[in-house]
Each structure stands twice: as structure tokens, then as C-alpha cells.
Amino acid sequence: MLKNAVALTASLLFYAWGGINFLALFLGSVVLNFYLIRLMDAALGWQKRIYLILSILLNVGMLFYFKYANFFLENVSGLSTALGGAELTWEKVVLPIGISFFTFEKLTYSIDVYRGVNKPLRSFWDFMLYIMLFPKMIAGPIVRFHEIAEQLTDRAAFETVDHKLAGLFRFVLGLAKKVLIANTLGQEADRIFGLAPAELSAPLAWLGAVCYTFQIYFDFSGYSDMAIGLGRMIGFQFPENFNNPYISRSITEFWQRWHITLGRWMRDYLYIPLGGNRVSTGRLYANLWTVFILSGFWHGAAWNFIAWGAFHGLFLVLDRLFLLRLSKRLGPLSILPTFLITVVGWVLFRAESLGEAQAYIQQMFVGSWVALPYFTMEFWYTLLLATLFSFIAAVPLIERGQLGVLAASSWSRGRMLALSMVTALLLVLSTSYIIGSNFNPFIYFRF
């Protein structure tokens, strides 16, 4: 199909632009996966399982080597030095962009075919397009194979003018979230997190943590909006990745609203195979904690990411023990303590090391209480907007309205006109910001 060929060519160019040195390795792994899974589908009994294990070992092995080799060698070297041994030396392994995301998608393909959820794709080029599709390749959403299998061969139902306009609106909305809010707050978060602990008062430490809390949300959800929007413009329907996570009333609910596609992946391909809810209470708590520690480790090869996963896993267990009952009594008021827990958690995520995170969190709780230094009015207005957009969906009517607009597949003439005007305004504002700024990092690109 010509459209698939165009999309695949664009995807190859997109990946080559950011990671030309890894393109051959990446393509080789795609070829191996495609033929391994075809062999697996044709096999029976234990041979089928052997092919699945080979596919998992291939993909997890690549992820482990490129993402975690440095981490383990650094820790072995540190342990060796502490015990009086020699310090290890090695050539640092460079991380290919997007490896965390496309590894998970290759695994879903293998496992979905093994489970009989879908037949393997007949065309190698369709398989390559599924793995490489450029809008979601670098930072998601993580699209499970069965969610997109039919669209790889037939997208006629989604190739309408309304879908394309909705896609353009979604792309520009994500761009605006990224450049108008996340970047402005991100610059201040970087500056505050870059201060020495002695320079941090408690209010400043909290302000930095809150800035980062909003930065990562508007940055990552903005990227997801852009990916979903680009997908709609070329006929693909990607799953939603965020749903107003900061209005959650518990950490359990937070993970139903934050990085939704990762949560579903972890549930379907890790938590349920570990036994899910059909195990003893103690085993269930251990499984929850295991899944979230691994989720933290998936985000980054460093102890602070593992601590972040363990931190959220702990609150998920506490939710099951008593916090969910408490939040039910508090009603909407439980949004505030849940938000504060996530703010503290983001410090673990943002810090360069576990030691820095501990020092920063200490300043948040026992630092001196002095007045904040000067910040520009642009910063305060942006923080106010971020707060408003993060919590306004706590009003159920507004949340339903938001979801309705984002999911709409047909528009009246009046709504189409209004949508076009909003899109044009946001595009002009975002373009103006991009021209006048050189601060445009995407946080999740490094994962």
C-alpha cells in the first residue's frame, strides 16, 4: 500500500536523523523478530515456546546491554573499589534513541501472536511500520500490537477530513503544552534543582519540585498529544496516554491516568503473568512492588529511578491496606495529598542521583522558611495556567467535555470553525515561542 510505504519511508528518515549509528542494528533486530515470530506461529507445543523465549531474550538482551550495561559495571566497579579492589574501566555504551519503547512493542507482537490474540503480519514491511511508525516510536504512546493490527492494513474508516482536522488540533495542542508551559517551567525547575542544598530554602525547594511536576506532565502529555495527532492525520488511532493525572484521589488512580499505555503494558505482560490478583495477599503486594520497581528501572538505569518505582509501589500497597478507604472519606479533598505524594516522587525522578534526591527532599521538609527570590510575571502566569489546566478537570462536567472533544470523530460546521481558530492561535503562539527560545528538550527522549 502506497500510504504505508510513505509512512515507513518517513519513519526510517526520522530514526536515521536521530540515530543513524544504530539504524543497521535496529533493522537487523526487526528482521530477526519478524522471522522468529513467523516460525513460532507455525510451530507447535514446546517448539512454539522456544521461539517465544528466543524472541524475548533477543529483545530484552538488547535493552539490557544498551540501557543497563553501564549501570551494572559502574556498581560492580564501585563495589570493587570499596572492597579494596581495582576500579573497572570500560568504553561507555551509548543508548539508542527510543529503545525502551520499541522493545516493548516488539515484545507485545511476540506475546500477542503466541497467545493467539492476533495472527502474525504477512508483510515484513507492515511489521516494520508497526515498530517504526515515527509519531510514537521515540516516546510512545506504547501501542500494543492488537490495538493497531487491523489499522496496518486498512485505515479507510479513519481517513476523513474530520479525523485529519482533529489530528491537527491535537498536534498543535500538544505543541502548545510543550513549548508554552513545559519549557517555561522547565527552565526554572532546572535552575532550582541545580542549586546546592545550602542555597535551597524550603519554599524554593517546593517551588522547584512543583515546577518539575508540571513540566514533566505538560512535556510528556504534550508529546503524546503530538504523536496521537500525527497518527490521526495519517489514519492511525493511537491509544490515549494521559487523562488529567493530577486530579487523582489516590496513587492507584494516578496510575490509571498517567502514562496509561505503560500501565496497561505492565499489567498485561508482567503483573498478570506474575499472578495478578489471583494470589495470596502477601504475594499480591510483592507483585505490585516488583512491577513498579521494574517500571522505575525501565525509565532509567539509576538508583533514583528504582527508588521512584519503589516509592510508588509502596503507596499502591498502602492504598490496598488503608489509604483507599481514607481517600474515599475525604472525597475531592484527597486530590491534594495525592498530588503532594506525586510531587515528592518526582524529585526522585528528576534528581541526578539518589543522594541528590535525598538532600533535595530534606530541604523541602526541614529547610529554612525565607521569602522566595524574584521570578518574572511570565513565570507566575505560566505556573497559574499550569495549575488551572491540571486541576480544572476535577469538575466532572469539564472532564467529560474534554474527553468528548478529544475523542470526537465528526464536527459540525460551527465547531469545525472554532477548532480551526483555536488551532491557528495556538500554532502562532507556539511558533513565536520556538523562534525566540532555544530551550526545547523532551524529557522522555532520553528513555
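Criteria and cut-off values
- Residues numbered from 1 in each chain as written.
- Predicted model: local features only at pLDDT ≥ 70, side-chain atom pairs only at ≥ 80, totals over all residues.
- Heavy atoms only, no water.
- Phe/Tyr/Trp six-rings, centres within 6.5 Å; stacked < 30°, edge-to-face > 60°.
- Helix = DSSP H or I, 4+ residues; strand = E, 2+ residues; numbered from the N terminus.
- Buried < 20%, exposed > 50% of the residue type's maximum accessible area, 1.4 Å probe, protein only.
- Lys NZ or Arg CZ within 6 Å of the ring centre and 35° of its normal.
- UniProt positions renumbered as here; feature names shortened; annotations may be inferred.
- 1 Å grid on protein atoms, 1.4 Å probe; cavity = no way out; pocket = protein on both sides within 12 Å on 5 of 7 lines; lining within 4 Å.
- Points joined across faces, edges and corners; volume = space filled by probe spheres on them.
- Nonpolar A, V, L, I, M, F, W, Y, C, P; charged D, E, K, R; others polar.

**Some thoughts on the packing of aromatic side chains**
Between two aromatic rings, the relevant description is the distance of the centres plus the angle of the planes. Using the criterion set out here, one finds 52 aromatic pairs in the structure. Judged by centre distance (4.6 Å) and plane angle (80°), the rings of Y109 and F145 are edge-to-face. Pair noted here: Y109 is in helix 4 (residues 99–115) and F145 is in helix 7 (residues 145–148), with a separation of 36 residues, a long-range link. This pair shows no difference in class: Y109 is buried, exactly as F145 is. Taking the ring centre of W298 as reference, the NZ or CZ of K67 above it sits at 5.4 Å. For R350, the ring lying beneath its charged end belongs to Y212, and the centroid distance is 5.9 Å.

**Structural notes on the UniProt feature "transmembrane region" (unreviewed entry) in the chain**
The sites that carry the UniProt feature "transmembrane region" (unreviewed entry) are, in the present numbering, residues 12–37, 49–66, 127–145, 282–299, 330–349, 379–398 and 418–436. Each end of residues 282–299 is marked by a C-alpha atom, and these two atoms are 26 Å apart; helix forms 100% of the span and strand 0%. Taken end to end, residues 379–398 has its terminal C-alpha atoms 26 Å apart, with 80% of it in helix and 0% in strand.

**A closer look at empty space enclosed by the protein**
Per the stated rule, a full pass over the model turns up 2 cavities of 30 Å³ or more. Of the volumes computed, that of the largest cavity is approximately 40 Å³. Taken together, A166, F169, R170, R232, V405, L406 and W411 make up the lining of the largest cavity. The set of elements that each furnish at least two residues to the lining of the largest cavity consists of helix 8 (161–193) and helix 17 (396–407). It is helix 8 that contributes the most residues to the lining of the largest cavity, 3 residues altogether. Of the volumes computed, that of the second largest cavity is approximately 30 Å³. Considering only residue class, the lining of the second largest cavity consists of 7 nonpolar, no polar and no charged.

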